[in-house]
Amino acid sequence: MEVYFDNSATTRVLPEVRAIMNEAMDLEYGNPSSLHQKGVNAEKYISASRETFAKLLKGKENEIIFTSGGTESNNLAIFGAARANRRAGRHLITTKIEHPCVKNPMKLLEEEGYEVTYLSVDQTGHISLEELAEALREDTILVSIMYVNNEIGAVEPIAEAARLIHEKSPNALFHVDAIQAFGKYRIYPARMGIDLMSLSGHKFHGPKGTGVLYVSKNAKISPLILGGGQQNGMRSGTENVPGIAGIGVAAEAAYANLEEKISHEMMLKDALIDEMEKLPDVQVNSSRGEAGAPHIVSVTFKGVRSEVLLHSLEDRGIYVSAGSACSSNKTGKAGRKAASDTLHAIGLSNELAGSTLRFSFSRDNTLEEVEYCAKCIGELLPVLRRYTAR
């Protein structure tokens, strides 16, 4: 049996996504900026996808910018907002559990003279609205808070945070990394007070190398990529027509029968948590219910290195993550893998963080797969712990 429980790292592309991408590559391969019919036909794919996102987000088509993925979307939002609004202030706010493609731009901006406040989180990974309120200032120009944490699935109070930000710091833009939230929640940025929002196609069964940045008509940001002026000058370069066509179809599919799919994933999540809580010296780091996303479960297996258990599960056809796929590229001293900032922020020691795995589901997973995974873990833990103790 093959069990893929690493859907927060990437998802399998849907057949209908592959079909429209092949169509765009094989038949309508013109440059969308060309004036002839081939160019016009190619541009129709972009218009259709832009219309899809505007409809799903209840926004305007000119508020949708297509990018190469979540990393570019987050970078464009953060650098674009900070540099376009620096005359109003140089104070930025984010959290201690952000993805590296938010955290590292913030660090670079600090080197450029901006001041960054990093909000702490509790043991479940949630920010304090009181701490946010205290951090907001007149010269705050940008706040960036992720909707769903990619490692433990904590769901942040986005709408409540937005109200605070716009009340206390009217010059501030509110950016939300919704990469793990899109396709799991109905998100309406304008209604929720979100000015900038990042999405990534391969997290909801679209193609890799595709993303979206929602930019409210009232938000002022500077482009990162200059050139021929495509996408109203906000992201120059010939558009990735097949990818844009694919991400639009994937987005539409993500919200078809949404409640049914989320209920299914939540059932899988609860089932896995139930099984993990039966095992000795095992700690679940993800919240049940609405405080946690339906598709992510973080579990610490005391006394077993995460890489060892990961590969032992792989030998049985089960694929999971140690932390997150992006954080697994980080190394510390002597080439050792650096412990997760998120797991540290919720209070885990280096040792416990290094014994943690992430399981993440999609609509394609089954209860039978969860039961098989739990059975394998139950068999492997005593053996691996005995081996580690030697």
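The structure presented is a predicted model; accordingly, all values stated were derived computationally and were not measured.

About the thresholds
Residues numbered from 1 in each chain as written. Predicted model: local features only at pLDDT ≥ 70, side-chain atom pairs only at ≥ 80, totals over all residues. Heavy atoms only, no water. Axes fitted to C-alpha atoms, helices over the stretch in contact; angles between N-to-C directions. Helix = DSSP H or I, 4+ residues; strand = E, 2+ residues; numbered from the N terminus. Parallel < 35°, antiparallel > 145°, perpendicular 65-115°, else oblique. Left-handed = near helix turned anticlockwise from the far one by under 90°. Contact = heavy atoms within 4.5 Å. Nonpolar A, V, L, I, M, F, W, Y, C, P; charged D, E, K, R; others polar. Salt bridge = Lys/Arg side-chain N within 4 Å of Asp/Glu carboxyl O. Pairing = 2+ DSSP bridges. Core = buried A, V, L, I, M, F, W, Y, C linked by side-chain atoms within 4.5 Å. Buried < 20%, exposed > 50% of the residue type's maximum accessible area, 1.4 Å probe, protein only.

Trainee: Could you give an account of the packing of helix α2 (residues 37-57) against helix α8 (residues 241-254), naming the residues involved and the relevant values?
Mentor: Between α2 and α8, whose axes approach to 8 Å, the crossing angle comes to 30°. Relative to α8, the element α2 lies roughly parallel. Classified by chirality, the crossing of α8 by α2 is left-handed. Residues Ala 42, Tyr 45, Ile 46, Ser 49, Thr 52, Phe 53 and Leu 56 of α2 form the contact with α8, whose own contacting residues are Val 241, Ile 244, Ala 245, Ile 247, Gly 248, Ala 251 and Glu 252. In terms of residue class, the contact of α2 with α8 is made up of 10 nonpolar, three polar and one charged.

Trainee: How would you summarise the pattern of salt bridges if you had to cite specific residues and measurements?
Mentor: Scanning the model with the defined rule gives 14 salt bridges in all. For Lys 375, the salt bridge is made with Glu 379, and the minimal N-O distance between the two is 2.9 Å. Pair noted here: Lys 375 and Glu 379 are both in helix α13 (residues 367-389), with a separation of four residues, about one helical turn. Each of the salt bridges in this network shares a partner with another, and the network as a whole consists of Asp 270, Asp 274, Glu 277 and Arg 288.

Trainee: Outline the sheet that holds strand β6 (residues 173-177), supporting the account with residue identities and numerical values.
Mentor: Backbone-to-backbone hydrogen bonds pair the strands of a sheet. The strands run either parallel or antiparallel. Taken together, seven strands build an open sheet; the order of strands is β2-β8-β7-β6-β5-β3-β4 and the sheet is mixed. The sheet is open, and its two edges are formed by β2 (64-67) and β4 (115-119), each paired on a single side. Averaged over all pairs of adjacent strands, the angle between strand axes in this sheet comes to 20°, irrespective of strand direction. Pairing analysis gives five bridges linking strand β5 (residues 140-146) to β6, with the strands arranged parallel. Bridge pairing in β6 links Ser 144 to His 175. Strand contacts of helix α6 (residues 158-168): β5 and β6, with the helix running at about 160° to β6, the strand carrying the most contacts.

Trainee: How would you explain the nonpolar core if you had to name every residue and give the values?
Mentor: If you look at the biggest cluster of nonpolar residues, it comprises 65 residues, and the most contacted ones within it are Phe 53, Leu 132, Tyr 147, Phe 174, Ile 187 and Met 197. Once residues within four sequence positions are removed from consideration, Met 197 is found in contact with Leu 57, His 175, Val 176, Ala 178, Ile 187, Pro 189, Val 212, Leu 213 and Tyr 214. Within the second largest apolar cluster, 29 residues are counted, among which are Leu 268, Val 304, Phe 359 and Ala 374.

Without other data, these values stay purely geometric and don't point to any function.
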